Amino acid sequence: MTGLDTTVTANRFLRVRRGLRHAGFVLGAAVLLLTIAVALLAPLLAPHDPLAQNLSIRLLPPAWMEGGRPDHLLGTDHLGRDYLSRLIYGSRISLIVGFSTMLISGVIGSTLGFIGGYFGGRVDSFVTYIINCRLSMPGLLVALAVISLVGGSLFTMIMVLGLLFWDRYAVVVRTATQQIRNADFVSAARVAGASAPWIIWNEIRPNVLHHILVIATLEMAMAILSEASLSFLGLGIPAPTPSWGLMIAEGRQHLFAKPFLVWIPGIAIFILVLATNLLGDGLRDLSQPEGRR
Amino acid sequence: MAAYVRSKVIVSLLVLFTVSLVGFALLHLSGDLAATLAGENASAEQIAELRHTMGLDRPLLAQYASWLADAARGDFGLSFFARESVLTMFLARIGTTAILAVSALILAIAVSLPLGMLAAVRPNSWLDWMVSGVALSGQALPGFFLALMMISFFGVTLRWLPISGSATPLHYVMPVVVLAIGAIPALMRLTRSGMMEVLEQDYIRTARSKGISSLRVMWKHAMRNAILPIISLSAVQLGTLLGGSVIVESVFAIDGIGLLTYRSIQRGDFPVVQAMLMFVSASYIILTLLADVINAWLDPRLRQKSQ
């Protein structure tokens, strides 16, 4: 094969890869938007009240299985609550926790990253030190311990996760800022007498925004998983609020007889997190011309 | 090299100290430990008395200072419930958790390294796509859900594996696989991207053009550079696995330090929780320090950069 052939093949491969990544991006965005729509329209879409108990129809299987009923498409749980309705309302918890955590940790982490990356020297050493301390603390364990002491609620969950999981933002924004802090347009602004906060906000932030967006999606996926894990362990969203992690914890008692109680919310978490990650990977590849990593 | 190691050790000790202070403060300021301990039916006087006997009414810094002084001598206090020394309880269970975490890391590396390398050599092959797919799905699977699925399939439907406890080596199979699957995506992605980067370097092309076989180029030339970030990540992952053992041990009812911590968190057994936080942080710090030193030893450029 001549050199030219290799380049052509490589380019074709790269195009195929980027095309598929693009498809992943579109798919991820579509699933995420669909979930948001479901969460917003939950009162219209849910066939039943997610909290209404009816012990006479407890543990009904999904409609397509033997003994299932068409008015309870995904069956009912151990208290006779409609599983589809609980699943629909559960998407609200996952999305609220995902988005809020992403925002809070994004503000904390990006600010630290900007400060460390822009000022360098002693300031940067201090920021690196703070990041190191945070990374040395086991996030999930600290979250478990603090939530158990404060008492589990949606607000506590969001605050604890948001105040803990800012490390990736800080690391990435710091590196990205370092790379452009001596670029011509930044120096020009500095010479023109602009203040550091102004330069960071108007010159640097727009140029690292795509990095922040990528981390934001990955961080959202992580927050959704963490919420599910904490709720599963019984130290997160308190019952009877429908949270997917809590639904798995409650369904676990019936794992052998009624495995669908665990399968259904588990698959829901999997699909939502997968979609969010696909979106993040797509964003990264589309904003990076080499289309790798 | 000695100067490099010394400065790294000093920073690590500082980080450990800060983390212990923050952890201590978090646990004390998040809620009323005495009220948690006394239970819901306790009167105000009972809570106050308990607070006094536990020494929880002293200033926070004084409590921290005496905890630190004891901890430095290896004394992590008594459990509020078991009336046993925290250290004894830990030592009795650390082996189980260490076996879990280390086996999971070994399994994860054994899967990720060859697959990640092969994917890097043949980008866009079916293998490369499989690697990307596995990494993506692995990242989206909650560990506890995977554990329950495995219990229901391998434990109940097929009856191949025991579903709870740690009596025989067979009991470890499912927990180790669940933990490993949690660590594989990051390791595999890093191996693939690191290897791809190294394979594009000039010295690899030179080695290739000298007619050295692909496999030899991979092992002798590329691996040495691609392995650096993998060592660091493995150290980080081992720390994560120790923390992740809380979920896996509670699902599989394995009596390691993860389950001990989970139970202690539930009943407000503060000395045990604080000791576990310290243990995981210290392991993380020591492991990353070791990884830094190994990396500096493998790559002399790193030593100069930080001086």
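Everything quoted here is computed from the prediction, not taken from an experiment. Note on numbering: residues in each chain are counted from 1, in written sequence order. The lettering of chains begins at A and the numbering of ligands begins at 1, in the order of writing. With the structure being a predicted model, the display of local features is reserved for residues of pLDDT at least 70 and the display and counting of side-chain atom pairs for 80 or more, all residues being used for whole-chain, interface and lining totals. Only heavy atoms go into the side-chain values, all of them from the structure, while hydrogens and water stay out.

Let's talk about the overall build of chain B
A count of helical and extended segments in chain B gives 13 helices and zero strands. Start at the N end of chain B and walk to the C end: the helices and strands fall as α-α-α-α-α-α-α-α-α-α-α-α-α. In terms of overall dimensions, chain B has C-alpha extents of about 85 × 60 × 30 Å along its principal axes. Residue burial is assigned from relative accessible area. The probe radius is 1.4 Å, only protein chains are included, and a residue is buried under 20% of its type maximum, exposed over 50%, and partly exposed in between. Within the span of chain B, comprising 307 residues, buried residues form 47% of the whole. The contacts in chain B between residues at least 6 apart in sequence include a share of 72% that link residues at least 24 apart. Computed with the Shrake-Rupley method and a 1.4 Å probe, the accessible areas treat only the protein chains shown as cover for residues. When the accessible area of chain B is evaluated, it comes to approximately 14600 Å², of which 66% is carbon and sulfur surface. In this text, helices come from DSSP runs of H or I with a minimum length of four residues, and strands from runs of E with a minimum of two, each type numbered from the N-terminal end. In this description, contact between two residues means that some pair of their heavy atoms is separated by no more than 4.5 Å.

Things to note about the environment of Phe76 of chain B
All names here are of chain B. Here Phe76 lies in the loop between α4 (60-72) and α5 (86-121). Phe76 gets classed as partly exposed once you look at its relative accessible area, which sits at 21%. Phe76 sits 196 residues away from Val272 along the chain, and the two C-alpha atoms are 8.0 Å apart. If we ignore the near neighbours within four places in the chain, the residues touching Phe76 are Trp67, Ala71, Val86, Leu87, Pro271 and Ala275.

Digging into the interface of chain A and chain B
Taken together, the contact between chain A and chain B spans 44 residues of the former and 51 residues of the latter. Only one rule defines a salt bridge in this text: a Lys or Arg side-chain nitrogen within 4 Å of an Asp or Glu carboxyl oxygen. Where chain A touches chain B, the interface holds one salt bridge. A salt bridge links Asp281 of chain A to Arg189 of chain B; the nearest nitrogen and oxygen atoms lie 2.6 Å apart. The term polar contact refers here to a pair of N or O atoms within 3.5 Å; inside protein, the definition further demands a hydrogen-donor-capable atom paired with an acceptor-capable atom, and it admits residues adjacent in sequence only when both atoms are side-chain atoms. Between chain A and chain B we count six residue pairs in polar contact (both at pLDDT 80 or more) in total.

Points about the side chain of Ser125 of chain B
Residue and element names in this part refer to chain B. Tracing the sequence through the fold places Ser125 in the loop between α5 and α6 (126-140). In this structure Ser125 comes out as buried when scored by relative accessible area, which is 17%. A distance of 2.8 Å separates a polar atom in the side chain of Ser125 from the backbone oxygen of Arg122.

A few points about the UniProt feature "transmembrane region" (unreviewed entry) in chain B
All names here are of chain B. UniProt positions are given in the numbering used here, feature names are shortened, and annotations may be inferred rather than shown by experiment. Here, UniProt's "transmembrane region" (unreviewed entry) annotation points to residues 9-29, 98-121, 133-158, 170-188, 226-252 and 272-298. Taken end to end, residues 9-29 is 100% helix and 0% strand, and its two terminal C-alpha atoms sit 30 Å from one another. The distance from the first to the last C-alpha atom of residues 98-121 is 34 Å, and the span holds 100% helix and 0% strand.

Describing unusual backbone geometry
At the junction of Ala239 of chain A and Pro240 of chain A, the peptide bond is cis and its omega measures out at 5° in the coordinates. For Arg159 of chain B, which is not glycine, the phi torsion reads 60° and is therefore positive. Looking at where Arg159 of chain B falls in the secondary structure, it is placed in the loop between α7 (143-157) and α8 (169-199). With phi around 50°, Ala253 of chain B is a residue other than glycine that occupies positive phi space. By the element assignment, Ala253 of chain B lies in the loop between α10 (214-251) and α11 (257-266). Its relative accessible area of 40% is what places Ala253 of chain B among the partly exposed residues.

A few points about the domain arrangement of chain B
Residues and elements named next belong to chain B. The split of the chain into domains comes from an automatic or database domain assignment. Domain annotation of chain B identifies domain 1 (2-72) and domain 2 (86-306). Taking the mean C-alpha position of each, domain 1 and domain 2 sit 31 Å from one another. Taken residue by residue, the interface counts 17 residues in domain 1 and 17 residues in domain 2. Summed over both partners, the interface of domain 1 with domain 2 comes to about 1400 Å²; 81% of that surface belongs to carbon and sulfur atoms. The three residues of domain 1 that bury the most area against domain 2 are Tyr4, Leu16 and Leu27, which together make up 37% of that side's buried surface. At the boundary of domain 1 and domain 2, one finds one salt bridge. At the surface where domain 1 touches domain 2, the tally comes to one residue pair in polar contact (both at pLDDT 80 or more). At the level of secondary structure, the elements contributing two or more residues to the side of domain 1 that touches domain 2 comprise α1 (2-29) and α2 (33-38). For the side of domain 1 that touches domain 2, the element with the highest residue contribution is α1, accounting for 13 residues. As a working definition, buried area equals the accessible area (1.4 Å probe) given up by two parts on being put together, with both sides summed.

Some points on the nonpolar core
Soluble globular proteins: nonpolar side chains tend toward being buried together. With 157 residues, the main nonpolar core has Phe144, Val251 and Phe252 of chain B as its most contacted residues. Non-local contacts of Phe252 of chain B, meaning those with residues more than four positions away in its chain, are made with Ala147, Ile151, Ile163, Ser164, Gly165, Met174, Pro175 and Val178 of chain B. One finds Leu112, Val127, Ile131 and Trp166 of chain A within the second-largest nonpolar core, a separate group that totals five residues. In these notes, a set of buried Ala, Val, Leu, Ile, Met, Phe, Trp, Tyr and Cys residues joined through side-chain atoms within 4.5 Å is what counts as a nonpolar core.

Some words on a nonpolar patch on the surface
Only residues whose relative accessible area exceeds 30% and that form no salt bridge enter a patch; like-charged residues are grouped when within 9 Å of one another, and nonpolar side chains (Val, Leu, Ile, Met, Phe, Trp, Tyr) when within 5 Å. A contiguous nonpolar surface patch, about 520 Å² in accessible area, is contributed by Met1, Ile286, Leu290, Ile294 and Trp297 of chain B. Relative to the elements of secondary structure, Ile286 of chain B occurs in helix α12 (residues 270-298).

Details of helix α9 (residues 196-232) of chain A
Residues and elements named next belong to chain A. Here α9 is 37 residues long, yet its end C-alpha atoms lie only 45 Å apart, well below the 54 Å a rise of 1.5 Å per residue gives. A residue's bend is the angle separating two fitted axes: one through the seven residues that end there, the other through the seven that start there. Along α9, the helix axis deviates most sharply at Arg205, where the bend reaches about 60°; the proline Pro206 sits within four residues downstream. At the exit of α9 stands Gly234, carrying a positive phi of roughly 80°. To estimate how far a helix should reach, multiply one less than its number of residues by 1.5 Å.

Quick word on the packing of helix α3 (residues 83-119) of chain A against helix α10 (residues 244-251) of chain A
All names here are of chain A. Helix axes are fitted only over the stretch in contact, all axes being lines through C-alpha atoms; the angle between N-to-C directions runs from 0 to 180 degrees. Axis separation between α3 and α10 bottoms out at 8 Å; the angle between their running directions is 135°. Compared by their axis directions, α3 and α10 come out oblique. Here Tyr83, Arg86, Leu87, Gly90, Ser91 and Ser94 of α3 lie close against α10, whose contacting residues are Trp244, Met247 and Glu250. Three categories are distinguished: nonpolar for Ala, Val, Leu, Ile, Met, Phe, Trp, Tyr, Cys and Pro, charged for Asp, Glu, Lys and Arg, and polar for the others, with Gly belonging to the last. Within the contact of α3 with α10, the residues separate by chemical class into four nonpolar, three polar and two charged. For classification, angles of less than 35 degrees are called roughly parallel, those exceeding 145 degrees roughly antiparallel, those between 65 and 115 degrees roughly perpendicular, and all remaining angles oblique.

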